Amino acid sequence: MTKFLSRLDEHSKFMGQMMERCGVDPVHLAQDRCGVTMMQAVRACMACGRTESCRTWLHATEDGVAQEPPSFCPNARRFRQAQQAG
C-alpha cells in the first residue's frame, strides 16, 4: 500500500505541475462532465510509465511559461482540449 500511496503522491504532484505549465484550469477540468474528465486524467497519469520523461519536461519548463503538453503525456489531448476551452 505504501508504494501505491507514494506513486499517487508523485503523480498527483506531476499532474498538477503539468496542468499549471500548460495553462489548464484544474477546477474547469474537474467540473467538465461532472468530474469524469478529471478522473480519466488521473487514471491515465497513474498508469503512465513515463515518470522520468515527465520529471525532465517539468524541470525544463520551470520558467512557468504556458506550454503545449508534451506528446509523451497520456493526457496531452485532454489538456489541449482544456486549453482551447479555457
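Residues numbered from 1 in each chain as written. Predicted model: local features only at pLDDT ≥ 70, side-chain atom pairs only at ≥ 80, totals over all residues. Heavy atoms only, no water.

1. What to know about the side chain of Thr-61
Along the chain, Thr-61 turns up in the loop between helix H4 (51–60) and helix H5 (76–85). Looking at Thr-61, its side chain comes within polar contact range of the main-chain oxygen of Trp-57, at 3.0 Å. The residues contacting Thr-61, other than those within four sequence positions of it, are Arg-21 and Gln-67. (Helix = DSSP H or I, 4+ residues; strand = E, 2+ residues; numbered from the N terminus. Polar contact = N/O pair within 3.5 Å; in protein donor to acceptor, adjacent residues only side chain to side chain. Contact = heavy atoms within 4.5 Å.)

2. Regarding the environment of Gln-17
Mapped onto the elements, Gln-17 comes out in helix H1 (residues 2–21). Exposure remark for Gln-17: the relative accessible area of 27% places this residue in the partly exposed category. (Buried < 20%, exposed > 50% of the residue type's maximum accessible area, 1.4 Å probe, protein only.)

3. A closer look at the side chain of Arg-21
For Arg-21, the location among the structural elements is in helix H1. One buried charged residue, Arg-21, remains without a salt bridge, the closest side chain of opposite sign being Glu-20 at 4.9 Å. (Lys, Arg positive; Asp, Glu negative; His and termini not counted. Salt bridge = Lys/Arg side-chain N within 4 Å of Asp/Glu carboxyl O.)

4. Here we look at H1
Over its 20 residues, H1 extends 29 Å from the first C-alpha to the last, a length consistent with the 28 Å expected when each residue adds 1.5 Å. Listed as buried for H1 are His-11, Phe-14, Met-15, Met-18, Met-19 and Arg-21. Seen along its axis, H1 keeps its buried residues to an arc of 150°; they face one direction. Opposite the buried face of H1, at more than 90 degrees from it, the exposed residues are Thr-2, Asp-9 and Glu-20. Along its buried surface, H1 packs onto helix H2 (26–31), helix H3 (36–47), H4 and H5. Phi turns positive, to about 70°, at Gly-23, one or two residues after H1. (Expected span 1.5 Å × (residues − 1). Arc of directions from axis to C-beta.)

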